[in-house]
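Remarks on the overall topology
Spelled out, the chains give:
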Amino acid sequence: VELVHTATLVHDDFIDEAVTRRGLPAVNVKFGSSAALIMGDYLYSKALYNLCQAGLHHAVELLARTTVLMSEAEMLQLEYRYDMEISEKSYMQVIYQKTASLIENSCRIGVSFNPRLADAEEAFGVFGAKTGLVFQITDDIFDYLGDERRLGKPTGQDWEEGRITLPLIAAWRNATPEARKRIGELATETESEVRAACWPEVKTFVTDFGGVDYAFEKAREFGEEAKSALAPVASGPQKDLLAVAVEYVINRLN
């Protein structure tokens, strides 16, 4: 699973032409775009090959499903790029496929190894999917509130690269016609340098019209749903530790 996760990061940086990852030069910068593309492909292939060698056929199926969903999500992101009219529903579909599906199937794979809990795979999958939605929403909030030194990557990247995420979707929905008109004009720009220059204005817009607050509440809602999914299948320290994991993802904003 971690090999697949790393592959997605390498490919994301290649697609976005990112300069840094976790405070260090991205693979595409240090070793070149071709190396980044090949390395991502290698990591995907190696992950599935390792599971095949171990005879873990159900795990292969789940992880292969994840790679398909994530690839589809990348194509959807290209389709919705610069589109201020993207719906919240479409945004949720994208983040489920590109992020939550990986955590969902991580949980499904893990619980499938436990004979006592194998019948609860779906419940643990729901827990993982909801936790994954929390993770991606809070990650998108970081783009508006985060500290670049703490994140290890620049803030404002989503806007600069044309990705319209939940804080901006919510603020756009709440904004006055005059404010929407101004941001709509800025959104038509596709040059990254131009978009970067107006980032402070966009950031203020999102804060002023409640985009960050709405996104945080949505993350909290999904977090509660994640913990509720475990109620019928987990108890004691096991349940408590998983609940703490959800709270950690939510509260990393603080």
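The model shown is predicted, which means the values in this text are computed figures rather than measured ones.

As a further point, take the confidence of the model for the protein chain. Per-residue confidence for the protein chain averages 92 on the pLDDT scale, and 96% of its residues sit at or above 70. For the protein chain, helix H7 (residues 148-151) is the element with the lowest average pLDDT, namely 52, and helix H9 (residues 166-174) is the one with the highest, namely 97.

This part takes up unusual backbone geometry. A positive phi angle, near 55 degrees, is found at arginine 22, a position not held by glycine. Within the fold, arginine 22 resides in the loop between strand E1 (20-21) and strand E2 (24-25). On the basis of relative accessibility, which here comes to 59%, the residue arginine 22 falls in the exposed class. Backbone geometry at tyrosine 82 places phi at a positive 70 degrees, although glycine is not the residue there. One can find tyrosine 82 in the loop between helix H4 (57-80) and helix H5 (88-112).

Our focus in this paragraph is the nonpolar core. Tyr91, Phe124, Ile137, Trp159, Leu168 and Phe205 are the most contacted members of the largest nonpolar core, which totals 47 residues. Those elements that place two or more of their residues in this core are H4, H5, helix H6 (121-145), H9, helix H10 (177-187), helix H12 (199-208), helix H13 (211-229) and helix H14 (236-251). Not counting residues up to four positions away in its chain, the partners in contact with phenylalanine 205 are Leu168, Ala171, Trp172, Ala175, Ala179, Arg180 and Ile183.

All chains considered together, the criterion is met by 18 salt bridges. One salt bridge in this structure joins glutamate 121 and arginine 108, with 3.1 Å as the shortest N-O distance. Residue glutamate 121 is located in helix H6, and its partner arginine 108 is located in helix H5; the two are separated by 13 residues in the primary sequence. A residue is classified by how much of its surface remains accessible, and arginine 108, at 16% relative accessible area, is buried. When the shortest N-O distance is used, the salt bridge between aspartate 158 and arginine 163 registers 2.9 Å.

It is worth spelling out the packing of H5 against H9 at this point. At their nearest, the axes of H5 and H9 sit 10 Å apart, and the two run at 175 degrees to each other. The orientation of H5 relative to H9 falls into the category roughly antiparallel. Mapping the contact onto sequence places Glu88, Tyr91 and Met92 in H5 and Leu166, Ile169 and Arg173 in H9. Its residues placed into classes, the contact of H5 with H9 shows 4 nonpolar, no polar and 2 charged.

Reading guide: rules and limits
- Residues numbered from 1 in each chain as written.
- Predicted model: local features only at pLDDT ≥ 70, side-chain atom pairs only at ≥ 80, totals over all residues.
- Heavy atoms only, no water.
- pLDDT = per-residue confidence, 0-100.
- Helix = DSSP H or I, 4+ residues; strand = E, 2+ residues; numbered from the N terminus.
- Buried < 20%, exposed > 50% of the residue type's maximum accessible area, 1.4 Å probe, protein only.
- Core = buried A, V, L, I, M, F, W, Y, C linked by side-chain atoms within 4.5 Å.
- Contact = heavy atoms within 4.5 Å.
- Salt bridge = Lys/Arg side-chain N within 4 Å of Asp/Glu carboxyl O.
- Axes fitted to C-alpha atoms, helices over the stretch in contact; angles between N-to-C directions.
- Parallel < 35°, antiparallel > 145°, perpendicular 65-115°, else oblique.
- Nonpolar A, V, L, I, M, F, W, Y, C, P; charged D, E, K, R; others polar.

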